[in-house]
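What follows is the residue order along each chain.
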Amino acid sequence: MRVDIITIFPDMLTGFFEYGVLKAAREAGLIEINMHSLRDYTDDKHRQVDDRPYGGGAGMVLKVEPLVRAVEAISQPDKKVQVILTSAQGKRLTQSVAKTFSSFDQLILICGRYEGVDERVMSVVDAEISIGDYVLSGGEVAAATITEAVCRMTPGVVGDEESVVTDSFYQEQLLGVPQYTRPPEFRDLKVPDVLLSGNHEQIATWRREQSLKKTLENRPDLLKN
Ligand code: SAH
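Residues numbered from 1 in each chain as written. Predicted model: local features only at pLDDT ≥ 70, side-chain atom pairs only at ≥ 80, totals over all residues. Heavy atoms only, no water.

A. Representation of the sheet that holds strand β5 (residues 81–92). On the basis of which strands lie adjacent, the open sheet formed by 5 strands has the order β2-β1-β6-β5-β7 and parallel pairing. A single partner strand is all that each edge strand has here, and the edge strands are β2 (32–37) and β7 (127–130). With strand direction ignored, the average angle separating the axes of adjacent strands in the sheet is 30°. In this sheet, β7 lies alongside β5 in parallel orientation, the contact comprising 5 bridges. Directly across from Lys-91, in β7, lies its bridge partner Ile-129. Its contacts with the sheet put helix α2 (residues 64–74) on β1 (2–7), β2, β5 and β6 (106–110), and the angle it makes with β1 is roughly 160°. (Pairing = 2+ DSSP bridges. Helix = DSSP H or I, 4+ residues; strand = E, 2+ residues; numbered from the N terminus. Axes fitted to C-alpha atoms, helices over the stretch in contact; angles between N-to-C directions. Contact = heavy atoms within 4.5 Å.)

Next comes the structure, spelled out in structure tokens:
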């Protein structure tokens, strides 16, 4: 899996990708993550990436030519490539969308800024994706979110396959189970007896109940399906 991120702030996410699971996956050669400065794909003296919106209105818009040129230059021929635009107007990122993206060889993520990108960029975009119903100042955090969610599902990236399979949303539209670790007692807070019982069948039943309970409390909308 190769992830290419197009942004006007190529250094912004560098640190983020240098920790934990993503770092290990990069070092093991399972994933490759590249940052690309949009400014490198301009062809004017001022290396201008944005301009005022046609029709008036506040703010600036990222220009179409550098974005399309960047996508064309970065796209690997003969590979399964998915071009993704981060956008508050996009389809919502879910675990199943992330799973679909994990089947591609290369993801090209476009980070908008200011008022967004010139709509004609859509001519090279396969999926317009939002990470939630709120507005960020730029697509970088959304690109990091998409990258992390997708890479977790690339085989070998998360050491223990089981831990991905038992995550929230993985098999069904249910939230994950509550987890505990030592000590068995902290102040008056105890680890549920069943988890200390060693009875795997009872533990599985308890976890199923907890997962349903949590989903009912926090995300009743998921149970409708
Ligand atoms: N005018 C736009 C908002 C622009 S915010 C609108 O009304 O929808 C600037 C950039 O931040 C966007 O181009 C997009 O790349 C990113 N962004 C903002 N909110 C986002 C969200 N919820 N999900 C993904 N990207 C988002």
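Okay, back to it.
B. Expanded view of the site of the ligand. Taken together, 20 residues form the shell around the ligand, and within it Thr-86, Gln-89, Gly-112, Gly-132 and Tyr-134 come nearest. Gln-89 places a polar side-chain atom, nitrogen or oxygen, 2.9 Å from an oxygen atom of the ligand. Between the ligand and Gly-132, the relevant distance is 3.0 Å, taken from a nitrogen atom to a main-chain nitrogen or oxygen of the residue. A total of 560 Å² of accessible area belongs to the ligand in isolation, and the protein chains cover 86% of it. Broken down by secondary-structure element, the contributors of at least two residues to the shell around the ligand are β5 and β7. Taken together, the residues of the shell around the ligand sort by class into 8 nonpolar, 10 polar and 2 charged. (Near = heavy atom within 4 Å. Polar contact = N/O pair within 3.5 Å; in protein donor to acceptor, adjacent residues only side chain to side chain. Areas by Shrake-Rupley, 256 points an atom, 1.4 Å probe, with all protein chains shown as cover. Nonpolar A, V, L, I, M, F, W, Y, C, P; charged D, E, K, R; others polar.)

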